[in-house]
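Architecture and fold: a report
Listed here are the chains, written in short residue letters.
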Amino acid sequence: MRIVIAKDYEDLSRKAAHVIAGQLIMRPDTVLGLATGATPLRCYELLTHMAEEKLVSFRQCKIFNLDEYYSLSPENPQSYGYFMKQHLFSRVDILPENTFIPNGLAENIAQECQAYEDLIRRAGGIDLQLLGIGRNGHIGFNEPDVSFEAFTHLVALDQDTIQANSKFFNTREEVPKTAISMGIKTIMQARGILLLASGAEKAETVYQMVYGKISPDVPASVLQIHPNATVLVDEAAGQRLQEMQNKVL
Ligand code: F6R
């Protein structure tokens, strides 16, 4: 696990955008896995600027998103499909047929999950997976106690996640209670992982992910055994890591 501590959210976003841009430049037909949420927003904005300036192109790449709320259609402004269109897909030159996100309206959920895995496999697997982290240590919507063996599946959201994500809804009651998410196994099979965390409220969780026991209690801790994972945090989210490094020194 590589740890990079950026100065602040802007610096973190710039570094993350550069990693993704570098991947697209080295391998234009790359397969990216992307996340939603507040953390990658500025990174996506910077990527749209780079695309406008023709520094980078999404024309040949494929993008698979981590998750989608169950029961929301992509036209619903609260859905992750809508989020991705609004913040990235409509603003860069990616082909719509090369963007993938679980279908939140699927009637046969097991079939939808299997089909999503098949699509990832047929695309050749994910080259670079971008992740955020929940305060409870979730990655994707793999909440504490998830099986490390799970592929894409239906998940029940934790109360903590519902509370955290209510910032995107008018009321807490509107937040869907379930979602379809790539599983830990899907994420671990990505060839490279870049996890972003910003802000002091993530500091303890980041510390547990990096130095804690590898356990489904903190799902992100599994990344300790990924052969090519980078954890990119700002100083606020990394404050406990720095304390630890000071101790070691
Ligand atoms: C989003 C996702 C989640 C978020 C996490 C952090 O697709 O899968 O794991 O990355 O909840 O969210 P923010 O960035 O809003 O703190």
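What comes next concerns the included structure. (Residues numbered from 1 in each chain as written. Predicted model: local features only at pLDDT ≥ 70, side-chain atom pairs only at ≥ 80, totals over all residues. Heavy atoms only, no water.)

1. Notes on the pattern of salt bridges
Per the counting criterion, the structure on display carries twelve salt bridges. The closest approach of N and O atoms between Asp127 and Arg27, which form a salt bridge, is 3.1 Å. You can see Asp127 sitting in the loop between α4 (109-122) and β6 (128-131) and its partner Arg27 sitting in the loop between α1 (9-26) and β2 (31-34), a full 100 residues away along the chain. Judged by its relative accessible area of 35%, Arg27 falls in the partly exposed class. Asp127 is paired through a salt bridge with Arg191; the nearest N and O atoms lie 2.8 Å apart. Of the two residues, Asp127 is situated in the loop between α4 and β6 and Arg191 in the loop between α6 (184-188) and β9 (192-197); the sequence distance between them amounts to 64 residues. By relative accessible area, which is 43% here, Arg191 ends up partly exposed. Sharing partners across several salt bridges, the network here consists of Arg27, Asp29, Asp127 and Arg191. (Salt bridge = Lys/Arg side-chain N within 4 Å of Asp/Glu carboxyl O. Helix = DSSP H or I, 4+ residues; strand = E, 2+ residues; numbered from the N terminus. Buried < 20%, exposed > 50% of the residue type's maximum accessible area, 1.4 Å probe, protein only.)

2. Overview of the site of the ligand
The ligand sits among 14 residues. The nearest are Thr39, Asp67, His138, Gly140 and Lys202. Contact between the ligand and Lys167: an oxygen atom at 3.3 Å from a side-chain N or O atom of the residue. Between the ligand and the protein, one listed contact pairs an oxygen atom with a side-chain N or O atom of Lys202 at 2.8 Å. Within the complex, the protein chains bury 95% of what would otherwise be the 410 Å² of accessible surface of the ligand. Mapping the ligand onto the cavity grids shows that it belongs to the largest pocket. Looking at side-chain class alone, the shell around the ligand contains four nonpolar, seven polar and three charged residues. (Near = heavy atom within 4 Å. Polar contact = N/O pair within 3.5 Å; in protein donor to acceptor, adjacent residues only side chain to side chain. Areas by Shrake-Rupley, 256 points an atom, 1.4 Å probe, with all protein chains shown as cover. 1 Å grid on protein atoms, 1.4 Å probe; cavity = no way out; pocket = protein on both sides within 12 Å on 5 of 7 lines; lining within 4 Å. Sits in = over half its atoms within 2 Å of the grid points. Nonpolar A, V, L, I, M, F, W, Y, C, P; charged D, E, K, R; others polar.)

3. Thoughts on the layout of surface pockets
Within this model, the largest pocket holds a volume of roughly 440 Å³. Gly37, Ile133, His138, Asn165 and Lys202 are, among the 27 residues lining the largest pocket, the residues nearest its centre. It is helix α5 (residues 159-165) that contributes the most residues to the lining of the largest pocket, four residues altogether. For the lining of the largest pocket, the residue count by class is ten nonpolar, eleven polar and six charged. Along the walls of the second largest pocket sit Pro74, Gly81, Met84, Lys85, Phe89, Ser90, Ile94, Pro96, Thr99, Phe100 and Ile101, which together make up its complete lining. Listing elements by their share of the lining of the second largest pocket, those giving two or more residues are α3 (80-87) and β5 (99-100). Its residues assigned to classes, the lining of the second largest pocket shows seven nonpolar, three polar and one charged. (Points joined across faces, edges and corners; volume = space filled by probe spheres on them.)

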